[in-house]
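# Structure assessment
Spelled out, the chains give:
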Amino acid sequence: MTTNAIGRREVLGTGAALAVVAAIGSDAEAQSKTPSRLTTHVLDTYSGIPGEGVTIDFLKMEGDQYKLQKTVTTNHDGRSGEPLLPVEGAAAQGQYRLVFHVADYFRKSGAQLPNPPFIDRVSIDFAIYEDKEHYHVPLLCSPWSYTTYRGS
Amino acid sequence: MNDAIERRVFLTAGLAVGALGASSVAAGAQTAVTPRMTLHALDVYSGKPAANMRVDLSVLDGQNYRLIKTVNTTVSGRPEGPVLSGEECKVGEYELLFHVADYYAGLGVKLPSLPFLNKVPVRFAVFEPAAYHIPLLLTPWSYSTYRGS
């Protein structure tokens, strides 16, 4: 592996990274105004549907503490309606956390969970390391498992 | 494009979840064994167990996670012996913190200066005395975890 982009392509096994790069555009002025974006998507692999009505807390590391930025609820498609992070420039770089309220969601959907549930709130900690990029961080979850990755 | 990718990963995950169905059905059988907590780090980027990875085990104590112990994986991707065994494996909420970026840096994998994944927290409950096996399947850009057996 010689570059990060190649590494990602190997992992995802698709040309999606190229599409993201292309979408950023070539006009220098437009590029400088392109904010970093963060989106998410919850997929319920237990029922095979998008995770609707999942509460997600979005936090940013400030000093040595994660500070709550906003709380959103996923729509019928399992997505937050708006990007979590439309911030321009280097200010977007940093360490972030998404907290998915998974047990609350599965209880509402009628799943039988132990008490306390095996998986309650899932914390995904990740960094935004380049500005003007799109970061898509999905969660594929069941009451007993979850997966995340840098999507597109 | 977006949906196609997610469907592909979704299907892959479906295999893991399918396997899990069996383990949750066997939950009754798991309660019969000596209570224990074990882990396994698998580097699916390199196609081998993740050796020499630091993992911190903490327990939720009030509002905060309190460090109990630090273990390191061997060449098999597992620490020597269970992380917790018998009486130690009490009902409670735990965090395993996998030092993923340090592991990949040790292999010479080029990561961003601020790695996308650095320390990966896996939070779960021991809800009854039983065997809890917590695998982590990881790359520098993704991971999966589940209740194994």
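Everything numeric in this text was worked out from a predicted model, so none of it was measured.

### Here we look at the overall build of chain B
Secondary structure assignment for chain B yields three helices and nine strands. Walking chain B from its N terminus toward its C terminus, one meets helices and strands in the order α-α-β-β-β-β-β-β-α-β-β-β. In chain B, buried positions account for 37% of the 149 residues.

### Describing the overall build of chain A
In terms of regular secondary structure, chain A is built from four helices and eight strands. Counting helices and strands in the order they occur from the N terminus, chain A gives α-α-α-β-β-β-β-β-α-β-β-β. Here chain A holds 152 residues, and the buried ones make up 34% of them. The long-range share in chain A, meaning contacts at least 24 apart out of those at least 6 apart in sequence, stands at 61%.

### Description of the pairing of strand E1 (residues 36-43) of chain B
Residues and elements named next belong to chain B. Only one face of E1 is covered, namely the one carrying Met37, Leu39, Ala41 and Asp43; the face carrying Arg36, Thr38, His40 and Leu42 has none of its residues buried. One ladder, built from eight bridges, connects E1 with strand E8 (residues 131-139); its direction is parallel. Across the sheet, residue Met37 finds its bridge partner in E8, namely Tyr132. One ladder, built from two bridges, connects E1 with strand E5 (residues 84-85); its direction is antiparallel. Within the sheet, the bridge partner assigned to Arg36 lies in E5 and is Ser85. Summarising the sheet, E1 and strand E2 (residues 48-49) pair through two bridges and their orientation is antiparallel. Paired with Leu42 across the two strands is Pro49, which belongs to E2.

### A word on the pairing of strand E3 (residues 55-62) of chain A
All names here are of chain A. Summarising the sheet, E3 and strand E4 (residues 65-73) pair through eight bridges and their orientation is antiparallel. Across the sheet, Asp57 pairs through a bridge with Thr71, a residue of E4. What sits between E3 and E4 in their antiparallel hairpin is a turn of two residues, with Gly63 showing a positive phi close to 70°. Two elements, E3 and strand E5 (residues 94-101), share five bridges in a ladder whose sense is antiparallel. Looking at E5, one finds that Ile56 is bridged to Phe100.

### Some words on unusual backbone geometry
Between A:Asn115 and the following residue, A:Pro116, the backbone shows a cis peptide bond with an omega angle of 0°. In this structure, B:Asn52 takes a positive phi of about 60° despite not being glycine. Note on placement: B:Asn52 falls in the loop between E2 and strand E3 (54-61). Assessed through the 15 C-beta atoms surrounding it within 10 Å, B:Asn52 is described here as partly exposed.

### A short note on the sheet that holds strand E4 (residues 64-72) of chain B
Strand pairing within a sheet occurs via backbone hydrogen bonds; the two strands may be parallel or antiparallel. Residue and element names in this part refer to chain B. Read across the sheet, four strands follow the order E4-E3-E6-E7 without closing on themselves; strand pairing throughout is antiparallel. Each edge of the open sheet is held by one strand with a lone partner, namely E4 and strand E7 (119-126). Here the strands of the sheet are splayed against their neighbours by 25° on average, with no regard to which way each runs. Note that E3 and E4 share eight bridges and pair antiparallel. Opposite Val55, over in E4, you have Val71 as the bridge partner. Packed onto the sheet, helix H3 (residues 100-107) meets E3, strand E6 (92-99) and E7 and runs at close to 25° relative to E6.

### Some words on the sheet that holds E4(A)
All names here are of chain A. Strand order across the open sheet formed by four strands is E4-E3-E5-E6, with antiparallel pairing between neighbours. Both edges of this open sheet fall to E4 and strand E6 (121-128), since each of them pairs with a single strand only. Taken over all neighbouring pairs, the strand axes of this sheet differ in orientation by 25° on average, direction set aside.

### Observations regarding H3(B)
Residues and elements named next belong to chain B. Turning to H3, its buried residues are Val100, Ala101, Tyr103 and Tyr104. All buried residues of H3 lie within an arc of 160° about the axis, which places them on one face of the element. Looking one or two residues past H3, Gly108 carries a phi angle of roughly 85°, positive in sign.

### Quick word on the confidence of the model for chain B
Residue and element names in this part refer to chain B. Model confidence for chain B is summarised by a mean pLDDT of 86, while 79% of its residues fall at 70 or above. Segment residues 1-29 is flagged for pLDDT under 50; beyond a separation of four residues in sequence, or across chains, it makes 38 contacts in the model. In the predicted assembly, ipTM is 0.78 and pTM is 0.79.

Cut-offs used in this document
- Residues numbered from 1 in each chain as written.
- Chains lettered and ligands numbered in written order.
- Predicted model: local features only at pLDDT ≥ 70, side-chain atom pairs only at ≥ 80, totals over all residues.
- Helix = DSSP H or I, 4+ residues; strand = E, 2+ residues; numbered from the N terminus.
- Buried ≥ 20, exposed ≤ 12 C-beta atoms within 10 Å, placed from the backbone.
- Contact = placed C-beta atoms within 7 Å.
- Pairing = 2+ DSSP bridges.
- Axes fitted to C-alpha atoms, helices over the stretch in contact; angles between N-to-C directions.
- Arc of directions from axis to C-beta.
- pLDDT = per-residue confidence, 0-100.

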